[in-house]
Amino acid sequence: MAWLDPKLVLGAYAVGVFPMADHRSADSVYWVEPKRRAIMPLDAFHLSHSLRKTVVSDRYRVTADTAFAQIIALCADSALDRPDTWINPSIESVFTELHRMGYAHSIECWDGDRLVGGLYGLALGRAFFGESMVSRARDASKVALAWLVARLRVGGFALLDCQFQTDHLASLGATEISRRDYLGLLSTAVDGAVAGALGAALSPGEASAEAPAADFFALDRLSPAAPATASPPLGKLIAQLLVQTS
């Protein structure tokens with residue numbers, strides 16, 4: 001098994017390339033740069049009436065970065081509608097290390113104590129690269145994506161990369177753009193963060209004055225009077241954030 005280096009992966013994302021494997025047990029990965037790229041405009045997320053009801057009702061308890069290893073393992077697992085995945089042990093290992101370094105994050109949906117869905121991805125500068133999402137209960141992945149978009153909006157992110165367009169993502173507002181247009185958005189979003197990612201003086205929370213780094217955890221501080229151990233913001237707040245215009 002060829003193991004991936006975290007700095008190599010960060011550098012690849014910074015120029016629009018990402019790793020995939022042929023299947024779950026593959027010994028190697030290949031590097032992908034799609035000609036057409038799916039992105040989710042953060043001010044154009046489609047919160048349908050039914051999804052809004054689900055979010056506002058707090059059907060699922062939603063957390064961030066509390067079960068990263070469980071989420072990536074769940075995304076990598078086979079299911080009836082997805083008998084195999086592209087997440088091999090090398091990708092799982094490097095993203096677990098990137099999470100430890102502060103770059104990779106997860107959103108988790110819980111039904112009681114049971115993890116029923118969520119997503120994970122990579123944050124670099126003001127860009128968030130969505131890697132995979134999973135659902136083991138109705139609309140759990142949609143809820144996770146809604147929470148992610150709200151979190152990115154509050155945190156000052158400029159780009160949510162979805163990699164490949166699907167009908168599921170299109171129904172939520174994702175759009176497809178050319179490689180050239182994507183690279184223009186990417187360059188602006190990661191400007192000032194790449195040096196830190198590759199081992200210079202900057203940390204994941206720092207960037208140049210021209211492009212300050214986004215804050216993945218800004219959402220958790222919307223209520224300054226709340227104690228540090230307070231629960232994450234509730235679904236009603238998330239719905240409000242998603243319908244606000246920039």
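First, a word on what this report is: a plain description of the structure on this page. All of these numbers come straight from a predicted model, not from anything done at the bench.

### What to know about unusual backbone geometry
- In this structure, Asp65 takes a positive phi of about 60° despite not being glycine.
- By secondary structure assignment, the location of Asp65 is in the loop between β4 (61-64) and α3 (68-76).

### Here's the deal with the pattern of salt bridges
- Tallying each qualifying case throughout the model produces eight salt bridges.
- With a shortest N-O distance of 2.5 Å, Glu97 and Arg100 are connected by a salt bridge. Remark: Arg100 and Glu97 occur in helix α4 (residues 89-101); sequence separation between them is three residues, near one turn of the helix.
- Between Asp215 and Arg221 there is a salt bridge, with its nearest N and O atoms 2.1 Å apart.
- Classification of Asp215 as partly exposed rests on a relative accessible area of 26%.

### With respect to the sheet that holds strand β7 (residues 127-135)
- Ordered by their spatial adjacency, seven strands build an open sheet running β4-β5-β6-β7-β8-β3-β9, and the pairing between neighbours is mixed. In this open sheet, the two edge strands, each paired with only one partner strand, are β4 and β9 (175-178). With strand direction ignored, the average angle separating the axes of adjacent strands in the sheet is 30°.
- Contacting β5 (104-111), β6 (114-124) and β7, α3 crosses the sheet at an angle of about 100° to β6.

### Side note on the nonpolar core
- Membership of the largest hydrophobic core comes to 41 residues, with the highest contact counts inside it found for Ile87, Ile91, Phe95, Leu98, Tyr120, Leu122 and Phe129.
- Elements that contribute at least two residues to this core include exactly α1 (6-14), β1 (18-20), α3, α4, β5, β6, β7 and α7 (179-190).
- Tallying contributions element by element places α3 first for this core, with six residues.
- Setting aside its immediate chain neighbours within four residues, Ile87 contacts Arg24, Ile72, Cys75, Ala76, Glu92, Tyr120 and Ser132.
- Formed by 40 residues, the second largest nonpolar core is a distinct cluster that contains Leu119, Ala123, Ala150 and Phe157.

### Some words on the environment of Leu119
- Within the fold, Leu119 resides in strand β6.
- In this structure Leu119 comes out as buried when scored by relative accessible area, which is 4%.
- Sequence separation between Leu119 and Ile71 is 48 residues, and the spatial gap between their C-alpha atoms is 6.6 Å.
- Apart from residues lying up to four places away in sequence, Leu119 is in contact with Ile71, His105, Ser106, Ile107, Ser132, Met133, Ala144, Leu145 and Leu148.

### Quick notes on the packing of aromatic side chains
- Under the criterion given, the structure shown has eight aromatic pairs.
- Here the aromatic rings of Tyr13 and Phe95 are separated by 6.3 Å at their centres, their planes lie at 85°, and the arrangement is edge-to-face. With Tyr13 in helix α1 and Phe95 in helix α4, this pair connects stretches of sequence that are 82 residues apart.
- You can call Phe95 buried: its relative accessible area is 0%.
- Taking the centre distance of 5.3 Å and the plane angle of 85° together, the rings of Phe216 and Phe217 count as edge-to-face.
- Using a relative accessible area of 32% as the deciding quantity, one classes Phe217 as partly exposed.
- An aromatic cluster is built from Tyr13, Phe68, Phe95, Tyr120 and Phe129, whose rings are joined through pairwise contacts.
- Taking the ring centre of Phe216 as reference, the NZ or CZ of Arg151 above it sits at 5.1 Å.

Conventions and cut-offs
- Going along each chain's sequence as written, the residues are numbered from 1 onward.
- Local features in this predicted model are restricted to residues whose pLDDT is 70 or higher, and side-chain atom pairs enter the listing and the counts only when it is 80 or higher, whereas totals over whole chains, interfaces and linings include all residues.
- Heavy atoms from the whole structure form the basis of all side-chain values; hydrogens and water molecules are not counted.
- Helix and strand definitions here come from DSSP, where helices need a minimum of 4 consecutive H or I residues and strands a minimum of 2 consecutive E residues; each element is numbered from the N-terminal end.
- Here a salt bridge means any side-chain nitrogen of Lys or Arg lying within 4 Å of a carboxyl oxygen belonging to Asp or Glu.
- Here's how the labels work: a residue is buried when its accessible area is under 20% of the maximum for its type, exposed when over 50%, partly exposed in between, all with a 1.4 Å probe on protein chains only.
- For two strands to be treated as a pair, DSSP must find no fewer than two bridges joining them.
- Fitting a line to C-alpha atoms yields each axis, with helices limited to the stretch in contact; the angle taken between N-to-C directions then spans 0 to 180 degrees.
- Contacts are assigned to residue pairs with any non-hydrogen atoms lying within 4.5 Å of each other.
- Side-chain atoms within 4.5 Å are what join buried Ala, Val, Leu, Ile, Met, Phe, Trp, Tyr and Cys residues into a set we call a nonpolar core.
- Within 6.5 Å between ring centres, the rings of Phe, Tyr and Trp (the latter by its six-membered ring) count as paired, and their orientation is classed by plane angle as stacked under 30 degrees, edge-to-face over 60, tilted in between.
- Whether a charge sits over a ring comes down to the Lys NZ or Arg CZ being within 6 Å of the ring centre and within 35 degrees of the ring normal.

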